[in-house]
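# Examining the three-dimensional arrangement
Read off the chains here:
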Amino acid sequence: MRILAWLGALGVVAAIGAAVVPYTLRPATNVQLQATSVGFGQGLLPSPAASVPAVAKPAPVPAKPPVSKKSAPAPSRPSIVVRSTQQALINQDRAAYHLASLTWSTCLYNVARYEAAHLATPGVAFKHYDGVSRDLTCHLGHQVGENIGWYSGGINDTKLNSMFMASPGHKENILGPYRYVATAWVVRSDGTAFIAVEFG
């Protein structure tokens with residue numbers, strides 16, 4: 001009976017994990033990510049054969065379950081959800097400076113998608129528009145930021161991340177006091193790719 005309950009719990013965990021599995025907006029063949037300790041992915045859940053002994057012995061039942069007088073403190077940071085290669089690179093940059101990872105924000109993604117599409121419009125000047133004002137409407141804090149860039153060779157997260165980290169203002173945003181991030185690429189008909197990175 002315990003094995004059936006364990007398998008049922010494993011199925012629930014696998015279903016939840018499948019719902020939050022990170023995805024990349026567009027695969028970049030020249031970017032390789034290393035597995036992190038946060039998130040669900042292949043190889044992170046133990047195989048049933050490795051965690052269930054051949055002969056299951058009933059676990060001893062404690063006479064009295066321990067009672068905690070203190071409730072656990074509320075988490076100060078959101079769970080980390082990674083949804084783009086650029087976000088994963090940003091979190092690697094932050095980890096190198098011993099800073100917390102940024103989690104994905106769907107609201108910021110909508111801003112990033114709009115900003116990148118606007119920049120990719122032929123005839124539109126490459127500059128910051130109202131992305132930061134739109135970031136504030138996500139209500140993720142009082143401090144927000146935006147990095148924008150373009151690359152004539154199409155989508156290249158590694159190249160743009162290196163360029164951002166080499167620029168003091170862009171690096172300041174990447175290492176800033178934010179908790180959320182979202183990124184979006186839009187490729188213009190001539191192959192030039194535009195990225196917007198929104199921080200909140």
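Let me begin by describing the structure that accompanies this report. No experiment lies behind these values; they were computed from the predicted model shown. (Residues numbered from 1 in each chain as written. Predicted model: local features only at pLDDT ≥ 70, side-chain atom pairs only at ≥ 80, totals over all residues. Heavy atoms only, no water.)

## Here we look at unusual backbone geometry
With phi around 60°, His98 is a residue other than glycine that occupies positive phi space. Note on placement: His98 falls in the loop between helix H3 (85-96) and strand S1 (103-104). Its identity is not glycine, yet His139 carries a phi of approximately 55°, on the positive side. Along the chain, the position of His139 falls in the loop between helix H5 (131-136) and strand S2 (145-151). (Helix = DSSP H or I, 4+ residues; strand = E, 2+ residues; numbered from the N terminus.)

## Comments concerning the state of the cysteines
One covalent bond between the sulfur atoms of two cysteine residues makes up a disulfide. Applying the stated rule across the entire model yields 1 disulfide. Put simply, Cys107 and Cys138 are joined by a disulfide, and their sulfur atoms are 2.1 Å apart. Measuring handedness by torsion sign, the sulfur bridge of Cys107 and Cys138 sits at about -85° and is left-handed. Residue Cys107 is found in helix H4 (residues 106-120), and its partner Cys138 is found in the loop between H5 and S2; the two are separated by 31 residues along the sequence. Judged by its relative accessible area of 31%, Cys107 is partly exposed. (Disulfide = S-S within 2.5 Å. Buried < 20%, exposed > 50% of the residue type's maximum accessible area, 1.4 Å probe, protein only.)

## Considering the sheet that holds strand S4 (residues 193-199)
Judged by pairing direction, the sheet is mixed, and its 4 strands sit side by side in the order S1-S3-S4-S2 without closing on themselves. Each end of this open sheet is capped by a strand with a single partner; those strands are S1 and S2. Where strand S3 (residues 180-187) lies against S4, 7 bridges are found, and the strand directions are antiparallel. For Val186, the partnering residue across the bridge sits in S4 and is Phe194. (Pairing = 2+ DSSP bridges.)

The quantities given are spatial measurements derived from coordinates; they are silent on function.
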